[in-house]
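Results of the structural survey
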Amino acid sequence: MRRTTPRAALRRAAGGFAAAGLLAAGSLTLTAPAQASVPSFTLGGPAGTALHPYPATGAPQKASLAFTVDNPSEDEENGAFQGEYTVRFDLSALAGVADVSFDGDGGADCTTTGTIAVCHDRGILPGLSTLARLEVTAAKGGKDGATGSIEVTAEADGATFTPFTARVGIGGPDLSMRRLPFRTELEPGDTQPVPVTFTNNGTRAAEGVLLTLRHTRGMEFTERYRNCEYSEDDLGMGSPGAWTTALCSFGGSYEPGVTYTLSEPPSLRATKRAYYDSLLYRIAEDGPAARAAQRGGARYSPGKGATLALREAPPALTADLNPGDNQQDADFRTANSADFAAYGDRAEGAAGDSVEVNVGFRNRGPAWIGNIRSGEDVATVDVTVPEGASVVSAPDTCRGVTADGQYREDRTAAPRYFCSTPMSVREDAVLTLPFVLRITEVAEGASGKVVVRNTRLADPELPFDPEPADNTASLVLNAGDTEPGDSGATTDGGASGGTAVAGGSTGGGGPDSAGGTSTSSGGSTGSAGSAGTDLGGSTGGGLAATGSHALATGAAALAALVAGGVLLTVSRRRAHR
């Protein structure tokens, strides 16, 4: 069995539940312990699948149907169902419509007798998991428009299952998006048309179509249309508004064999914050399921401009019956730059005191930076601890290394820390990293270093940053009579923009302070917690995706986007037998 959705990650913000034992006041009666509730699982899969008609010559085209089981438990450690279970697929309603076989890599042990297929497996981990994959083709002699269904049920001792029905039919619309020849090397302000064009290569008309236009933060359409609805989301990239999505609906009937294009193509512009950006454009038959898949739970607002319209266009030169070609995408590189400016902090204290300092960087723009394809961190914040101090706590996004940047087993009390960043950073973002330091020996003016650099230590220059002089700042303890401007506590000199800090107060440091001082008269302090960020240009908010999590989430988010949805996916091992 394989997991297909990181349910726990999406639900973690909802918090956990606590169990408590209650004793009625004044009662000495002992009662039997409450029986654990029987777990209930939900079966699922594709609600409807259209098959290519059986061809006059050659082999029929297969459709792969993945059937799933949903374990709603929030407990990743203890929420797994450990027992054996049996899944039955009733294929009797497909007679004369479709032929079915099992994909050998489907995950479960399945056998078919007549029109009933039975699969056996053990263990259901929390989240959404794949039960089995069925390969379905149109039956020979099956008529265009014929329909049937697959009834899926399951049973197990100590568990219940909600059944599922998958509808299957022969023929239907097959909307194929034509790839557009964009200019991809741009200057800020460059504008080009987006003449979306698609063909219905299917056997029946599409009754209404839904056009999805999704682009990253550096690009924008010059108009928002009346028959489109819009949303801005991070979609796993760690920055609010990293992606803008437009869902545009068109009524009418779109006939097989006919090509359609936009009557007046919208204009796509590279903004002053553009650097490396993407556009995805997708067409699908309109309907509640298509809209729900593209919305992905996000909130949308309607446009107020002109109405975007479609018209019939000359037929395409080629016909592609691949149902996966509903979407195309393009990447753009804009001649632009971003200035990542490091900031440090100052603190005062006696030997034995613990002090909090806040270091990090801000993006002075003008560009936003996003590693859209790779999902890798945009940069690394490299922090060297001042002499005479040791680290009590560091953000979860930071790992301790040796003084020369090599691996270190113990992440606490390290002389140097490498701190990860999200896979995208907005043009007005501020990232703050709170550290708690213990002063072991007072050394006036002891100075460490804060560097925002490339993720590769051997190649520290940021390729998008033409101002390397402000990539370094100082972290100073017990500066004495040194003037604030000499401490290197901040390179920003009172720049605008807030600083959000998780895990404690900001003290006097941070990007908007001009050499403030953090102090502590006690010998203990709380944990610094995780990094705080202002990745959206406003105060508040936590680090949405950092380190290895950012890489996994970003890459998965992009894979889902290319598939036309916003579902994040991840693999998991099969349950132990």
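Small disclaimer: the values here were computed from a predicted structure and weren't measured.

Some details on the overall build of the protein chain
Secondary structure assignment for the protein chain yields three helices and 40 strands. Counting the 577 residues in the protein chain, one finds 49% classified as buried. Sequence-distant contacts in the protein chain: of pairs separated by 6 or more residues, those separated by 24 or more amount to 82%. Accessible surface for the protein chain amounts to roughly 26200 Å². Of this, 51% is attributable to carbon and sulfur atoms.

Some details on helix α2 (residues 288–295)
Within the sequence span of α2, burial applies to A290, R291 and Q294. Buried positions in α2, seen along its axis, are confined to an arc of 95° and lie on one side of it. Away from its buried face by more than 90 degrees, α2 exposes P288 and A289. Check the buried side of α2 and you find it contacts β17 (206–216), β19 (228–233), β20 (243–254) and β23 (276–285). Just downstream of α2, G296 is the residue with a positive phi angle, here 60°.

Let's talk about unusual backbone geometry
A cis geometry characterises the amide bond from G365 onward to P366, with omega recorded as 5°. Within the secondary structure layout, P366 lies in strand β29 (residues 354–366). For L235, which is not a glycine, the phi torsion comes out positive at approximately 50°. The residue L235 is located in the loop between β19 and β20 in this model. The backbone phi angle of N478 is positive, close to 50°, even though this residue is not glycine. With respect to the element layout, N478 can be found in the loop between β38 (472–477) and β39 (518–519).

Side note on the pattern of salt bridges
Counted by the stated rule, this structure contains 16 salt bridges. Among the ionic pairs, R217 bridges to E427, the shortest N-O distance being 2.7 Å. With R217 in the loop between β17 and β18 (219–221) and E427 in the loop between β35 (424–425) and β36 (430–439), the pair connects residues that are 210 residues apart, well separated along the chain. Across the salt bridge formed by E232 and R224, the nearest N and O atoms sit 3.6 Å from each other. The class for R224 is partly exposed, based on a relative accessible area of 38%.

A look at the pairing of strand β21 (residues 259–262)
Burial of β21 is two-sided: the residues T259 and T261 facing one way and the residues Y260 and L262 facing the other way are all buried. Examined bridge by bridge, strand β16 (residues 197–200) and β21 share three bridges and lie antiparallel to one another. Bridge assignment links T197 to a residue of β21, and that residue is T261. Bridging between β21 and strand β25 (residues 310–313) involves four bridges; their strand directions are antiparallel. Bridge pairing links T259 to A313 in β25.

Considerations on the sheet that holds β25
Pairing is antiparallel in the open sheet, where four strands are placed in the order β13-β16-β21-β25. Unpaired on one side and paired on the other, β13 (175–177) and β25 mark the two borders of the sheet. On average, each strand axis in the sheet is tilted by 30° relative to the strand beside it, whichever way the strands run.

Description of the state of the cysteines
Counted under the stated rule, the structure contains three disulfides. The disulfide partner of C228 is C248, and the gap between their sulfur atoms is 2.0 Å. Disulfide C228-C248: torsion about the S-S bond near 110°, hence right-handed. Taken together, the residues C228 in strand β19 and C248 in strand β20 connect sequence positions 20 residues apart. Each member of the pair, C228 as well as C248, is classed as buried. When the bonded cysteines of the protein chain are counted from the start of the sequence, the pairing works out to 1-2, 3-4, 5-6.

Some remarks on the packing of aromatic side chains
This structure, assessed with the given rule, holds 15 aromatic pairs. Taking 5.6 Å as the distance between ring centres and 70° as the angle between the ring planes, the aromatic pair formed by Y417 and F435 counts as edge-to-face. Here the residue Y417 occupies a position in strand β34 (residues 416–420), and F435 occupies one in strand β36, the gap between them amounting to 18 residues. Put simply, the rings of F41, F81, Y85 and F161 touch in pairs and so form one group of aromatic residues. For R333, the ring lying beneath its charged end belongs to Y276, and the centroid distance is 4.3 Å. Seen from the ring of F418, R453 lies directly overhead, with NZ or CZ sitting 4.6 Å from the centre.

So, the sheet that holds strand β22 (residues 267–270)
If you walk across this open sheet you meet the three strands as β15-β22-β18, and the pairing is antiparallel. Each having just a single partner strand, β15 (191–193) and β18 make up the two edges of the open sheet. Neighbour to neighbour, the strand axes of the sheet diverge by 25° on average, direction disregarded. Across three bridges, β15 lies against β22 in antiparallel orientation. Paired with T191 across the strands is R269, a residue of β22.

Calculation criteria
Residues numbered from 1 in each chain as written. Predicted model: local features only at pLDDT ≥ 70, side-chain atom pairs only at ≥ 80, totals over all residues. Heavy atoms only, no water. Helix = DSSP H or I, 4+ residues; strand = E, 2+ residues; numbered from the N terminus. Buried < 20%, exposed > 50% of the residue type's maximum accessible area, 1.4 Å probe, protein only. Contact = heavy atoms within 4.5 Å. Areas by Shrake-Rupley, 256 points an atom, 1.4 Å probe, with all protein chains shown as cover. Arc of directions from axis to C-beta. Salt bridge = Lys/Arg side-chain N within 4 Å of Asp/Glu carboxyl O. Pairing = 2+ DSSP bridges. Axes fitted to C-alpha atoms, helices over the stretch in contact; angles between N-to-C directions. Disulfide = S-S within 2.5 Å. Phe/Tyr/Trp six-rings, centres within 6.5 Å; stacked < 30°, edge-to-face > 60°. Lys NZ or Arg CZ within 6 Å of the ring centre and 35° of its normal.

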